[in-house]
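Commentary on secondary and tertiary structure
Chain by chain, the residues run as shown.
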Amino acid sequence: MDGCRSGVPTYEGDLHVVAAAHHIVKALGATKNLSDDLRKILIDLDSHLSMITSNIDSKGGRGLVDVEERLDQAERKIMRWETDPMMIWDSGPKEASDYLEAVDETGKLVDGLRGLSVHENRKQKEILHRAMNIFQTAMSRLEEELIHILVRHGQQFEPKNMYSRSIRKDIVYDESFVSVEDEPTKETSSQNCSNDESGECIVDLVHADVIPDIKSIAKVMFTSNYGPEFCEAFISVQKEALEQYFSFLGTEYLSIEDVLKMEWTCLSSKMNKWTWSMKIIVRVYLASEKQLCDQVLGGLGSVSSYCFLEISKATILCLLNFGEAVAMGPHRPEKLLRLLDMYETLADLLRDIDTLFSEEAGSFIQLQFHELLERLGESAIAAFKAFRVAISSNGSLYPFAGGGVHPLNKYVMNYIRMFPEYWNTLNLLLKNQHPGVADQVTKPDYGPDTSLLTSCPMAYHLRSITSCLESNLHKKSQLYKDEALQHIFLMNNIHYLVQKVKGSELRLFFGDEWIRKHNAMFQQHAMNYERATWSSVVSFLKDNNPGSSSMSKSTFKERCKGFSIAFEEVYKTQTSWSIPDPQLREDLRISTSLKVVLAYRTFLGRNLAYTDDKCVKHTVEHVENLLLDLFGGSSRSLRNSRRW
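Only a predicted model underlies this, so the values are computations on that prediction, with no experimental measurement involved.

Helix and strand content of the protein: 21 helices and 0 strands. The burial tally for the protein puts 48% of its 644 residues in the buried class. If you take every contact in the protein between residues at least 6 apart in sequence, the share linking residues at least 24 apart comes to 79%.

Further remarks concern the side chain of Lys335. By secondary structure assignment, the location of Lys335 is in the loop between α11 (303-328) and α12 (336-356). Put simply, Lys335 is tucked away with no salt bridge, and the nearest opposite charge, on Glu334, sits 8.8 Å away. Within the local environment of Lys335, its side chain forms a polar contact with the backbone oxygen of Pro330, the two atoms lying 3.0 Å apart. Setting aside chain neighbours within four positions, we find Lys335 in contact with Trp264, Met271, Val326, Gly329, Pro330 and Tyr415.

Let us now look at the packing of aromatic side chains. Scanning all chains against the criterion turns up 22 aromatic pairs. Ring geometry for Tyr245 and Phe248: centres 5.8 Å apart, planes at 35°, overall tilted. Note that Tyr245 and Phe248 are positioned in helix α8 (residues 227-248) at a spacing of 3 residues, about one turn of the helix. Ring geometry for Phe387 against Phe419: centres 6.1 Å apart, planes inclined by 65°, an arrangement best described as edge-to-face. Pair noted here: Phe387 is in helix α13 (residues 363-393) and Phe419 is in the loop between α14 (407-416) and α15 (423-430), with a separation of 32 residues, a long-range link. According to the relative accessible area criterion, Phe419 is buried, its value standing at 0%. Pairwise contacts between aromatic rings join Phe384, Phe387, Tyr411, Tyr415 and Phe419 into one cluster.

Take the packing of helix α10 (residues 264-297) against α11 next. When two helices pack together, their arrangement is given by the angle between their axes and by how far apart the axes lie. Closest axis-to-axis distance for the α10/α11 pair is 10 Å, and the angle between their directions is 175°. Of the possible angle classes, the one that applies to α10 and α11 is roughly antiparallel.

Right, let's get into the confidence of the model for the protein. In this model, the protein carries a mean pLDDT of 82, and residues with pLDDT of at least 70 account for 78%. Confidence, read as mean pLDDT per element, is least for helix α1 (residues 2-6) in the protein (37) and greatest for helix α17 (residues 483-502) (96). Ignoring residues within four places in sequence, the model shows residues 185-198, a span with pLDDT below 50, making 37 contacts including any to other chains.

With that settled, the discussion passes to α11. Compared with an ideal rise of 1.5 Å per residue, which puts 26 residues at 38 Å, α11 spans 37 Å between its outermost C-alpha atoms and is within 8% of the ideal. Maximal helix bending in α11 amounts to about 45°, located at Ser312.

Among the nonpolar cores identified, the biggest contains 179 residues, and Leu142, Phe230, Val412, Ile416, Phe419 and Trp534 are the most heavily contacted of them. With near-sequence residues (within four places) excluded, Leu142 lies in contact with Trp89, Tyr99, Leu100, Val103, Ile217, Val220 and Met221.

Here the structure, examined in full by the defined rule, presents 23 salt bridges. Between Glu530 and Lys595 there is a salt bridge; the shortest N-O distance is 2.9 Å. Remark: Lys595 occurs in helix α20 (residues 582-606) and Glu530 occurs in helix α18 (residues 506-538); sequence separation between them is 65 residues. Take Glu530: its relative accessible area is 8%, and that puts it in the buried class. For Lys595, a relative accessible area of 45% gives the class partly exposed. Through salt bridges with shared partners, a single network forms among Glu68, Asp72, Glu75 and Arg130.

Another point: α18. For α18, which comprises 33 residues, the first-to-last C-alpha distance of 41 Å sits more than 12% below the rise-based estimate of 48 Å (1.5 Å per residue). Where α18 bends most, at Asp512, the angle is about 70°.

Turning our attention to unusual backbone geometry. A positive phi angle, close to 65°, is found at Asn225, a residue other than glycine. Inspection of the secondary structure puts Asn225 in the loop between α7 (211-223) and α8. Using a relative accessible area of 65% as the deciding quantity, one classes Asn225 as exposed. Despite not being glycine, Phe631 shows a phi value in the positive range, around 65°. In this structure, Phe631 sits in the segment after α21 (620-626). We classify Phe631 as buried; its relative accessible area is 1%.

Turning next to the state of the cysteines. Applying the stated rule across the entire model yields 0 disulfides. The cysteine Cys231 is free of any disulfide, with Cys307 supplying the nearest cysteine sulfur at 3.6 Å. Classification of Cys231 as buried rests on a relative accessible area of 7%.

Viewed as axis vectors pointing N to C, α14 and α17 meet at an angle of 15°, and their least axial separation amounts to 10 Å. As summarised for this structure, α14 and α17 are arranged roughly parallel, according to the angle between their axes. Crossing of α14 against α17: the hand is right-handed. Note on element contacts: α17 touches α14 through Asn493, Tyr496, Leu497, Lys500 and Val501, opposite Asn409, Lys410, Met413 and Asn414. In terms of residue class, the contact of α14 with α17 is made up of 4 nonpolar, 3 polar and 2 charged.

Turning next to the side chain of His618. In this structure, His618 sits in the loop between α20 and α21. One polar contact links His618 to Glu568, side chain to side chain, over a distance of 2.8 Å. Filtering out sequence-adjacent residues up to four positions away, His618 remains in contact with Ser564, Glu568, Tyr600, Val623, Leu626 and Leu638.

Attention now goes to the environment of Tyr398. On the secondary structure map, Tyr398 appears in the loop between α13 and α14. Using a relative accessible area of 67% as the deciding quantity, one classes Tyr398 as exposed. Sequence separation between Tyr398 and Lys476 is 78 residues, and the spatial gap between their C-alpha atoms is 8.4 Å.

What follows deals with the environment of Leu320. Relative to the assigned elements, Leu320 resides in helix α11. Separated by 53 residues in sequence, Leu320 and Leu373 have C-alpha atoms that sit 9.9 Å apart. If sequence neighbours within four positions are ignored, Leu320 has contacts with Gln368, Phe369 and Leu372.

A word on the environment of Arg585. In this fold, Arg585 is placed in helix α20. The spatial distance from the C-alpha of Arg585 to the C-alpha of Leu628 is 9.5 Å, given a sequence separation of 43 residues.

The rules we used
- Residues numbered from 1 in each chain as written.
- Predicted model: local features only at pLDDT ≥ 70, side-chain atom pairs only at ≥ 80, totals over all residues.
- Heavy atoms only, no water.
- Helix = DSSP H or I, 4+ residues; strand = E, 2+ residues; numbered from the N terminus.
- Buried < 20%, exposed > 50% of the residue type's maximum accessible area, 1.4 Å probe, protein only.
- Contact = heavy atoms within 4.5 Å.
- Lys, Arg positive; Asp, Glu negative; His and termini not counted.
- Salt bridge = Lys/Arg side-chain N within 4 Å of Asp/Glu carboxyl O.
- Polar contact = N/O pair within 3.5 Å; in protein donor to acceptor, adjacent residues only side chain to side chain.
- Phe/Tyr/Trp six-rings, centres within 6.5 Å; stacked < 30°, edge-to-face > 60°.
- Axes fitted to C-alpha atoms, helices over the stretch in contact; angles between N-to-C directions.
- Parallel < 35°, antiparallel > 145°, perpendicular 65-115°, else oblique.
- pLDDT = per-residue confidence, 0-100.
- Expected span 1.5 Å × (residues − 1).
- Bend = angle between axes of the 7 residues up to and from the residue.
- Core = buried A, V, L, I, M, F, W, Y, C linked by side-chain atoms within 4.5 Å.
- Disulfide = S-S within 2.5 Å.
- Left-handed = near helix turned anticlockwise from the far one by under 90°.
- Nonpolar A, V, L, I, M, F, W, Y, C, P; charged D, E, K, R; others polar.

Written as structure tokens, this is what we have:
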């Protein structure tokens, strides 16, 4: 009796102390603003306190019985799902909560029993072994549940509303340039879902409602030292989802050998798709994947970055591998615009890549992006140089039929019309690339008011290219035996140059002075054509004795015959010549008509006495109408000419 009054039995006193500590831990655990690390510490402490209670109870004669009863209850909750075809989290929040409580209880029992000496206690050893098996079953089930949730609630999104660079028609270089068409470049584009080409567009790759469920599974598995198993399952599902989306975009896993063997038409399509896919994969998909990893694993140190890297690196390396193959391939002229697209896309994404892979483990991806950017820039410069070489080296054995606009001219001007879209990039890449010495004359000397655009590196190179083109066209003009057709050819082609510059943003880089200079050039060729063609024809109509009112009949007949023969010869020849531009053709017809028709009318007017003679083969009106047949591009005979 005295002993009782002096204090509680020792094991009861221990129970009271542990119970008090247990109460404090529970109270702290109910606090909402605890960090994940501190909450884990409290959970572990609670587990150990529970086992201390069990240990104390065992000394009092009832511990193992209570432990086994608690394990029985947890086992029933865990094992019943092993025979149930339903998934736990599909059955409702209460079932999921009950299951997690049972897993938590089993984990505490395992930790507690491990803390006891079971070597001398067979019963304790049996209970521990049983608890560990149940716990392993639960961990495997949680892994299955995680995979099921990720797959079932994964969300697909289509890239149709995502930003993509304009898809333009290819201009393909070949020896004959037969593939070049003089049509307006058709461009289509679609906007980024954020209406900002440079901004991210985050989407939910997994439905937001199930994020708490995934986090609850992660919490239990990481607390139970099953974090690697969680990561493996999470990475596996998300990596497969990314690969499926990669395929959905129409992008393939290609080896360097595959790319190097590819025909240009196919390669061009792949390069265009690469620029589009790269931006969507990085700006949308990986940005969204990074958000998901942070939502689920953000409180676990570097685990989130590790999972993100493992999920994304195969796809990123595949994209980089394609870029490497393109950069090392032949530097053909037609690759230039596609290379510039790829270069600009990569340059635009560097900041995103540096942010997504900011951890040391992902630094190798950052490095490969920066190295590929440099190589694509070098390839673009090489393709630019190849473009100039292709212009210079394009030779011809025969003159271009009809003296129209040469396909080389169309190819070059339609190609460079797209350069202003890349002027910032081209200025950067061409900054230290000087045109050849022979092309230095293309630098402008327009005075102090010269636009900055006309003196930028790209402008110098553009004028160098057209100077090179003009030299080639002059060489091609020498293939014509007829001097007049040489001038028609040069007039057509220089006029085409001017129209392409005036009708596009090239005007900003060439400047108005260049346009005025080249306007004067093609006008001079028009005048030279008229002299070369019509001076000898009109010479038959000149009066060698201007003081007299008329010439002799024989002289008149001789002059009429000479004019008709010369005029008809010009007609038969020059109806097959071509002036494709309708306005230029009309202007030259009018100019020619003013000279020839006026001279012919004056000639006949001074010799009215002889005009009834049969020697006057063509009336003034007839000559005027025949001139309208010139430069149509198909030869005509006078029998097939207009009848009046």
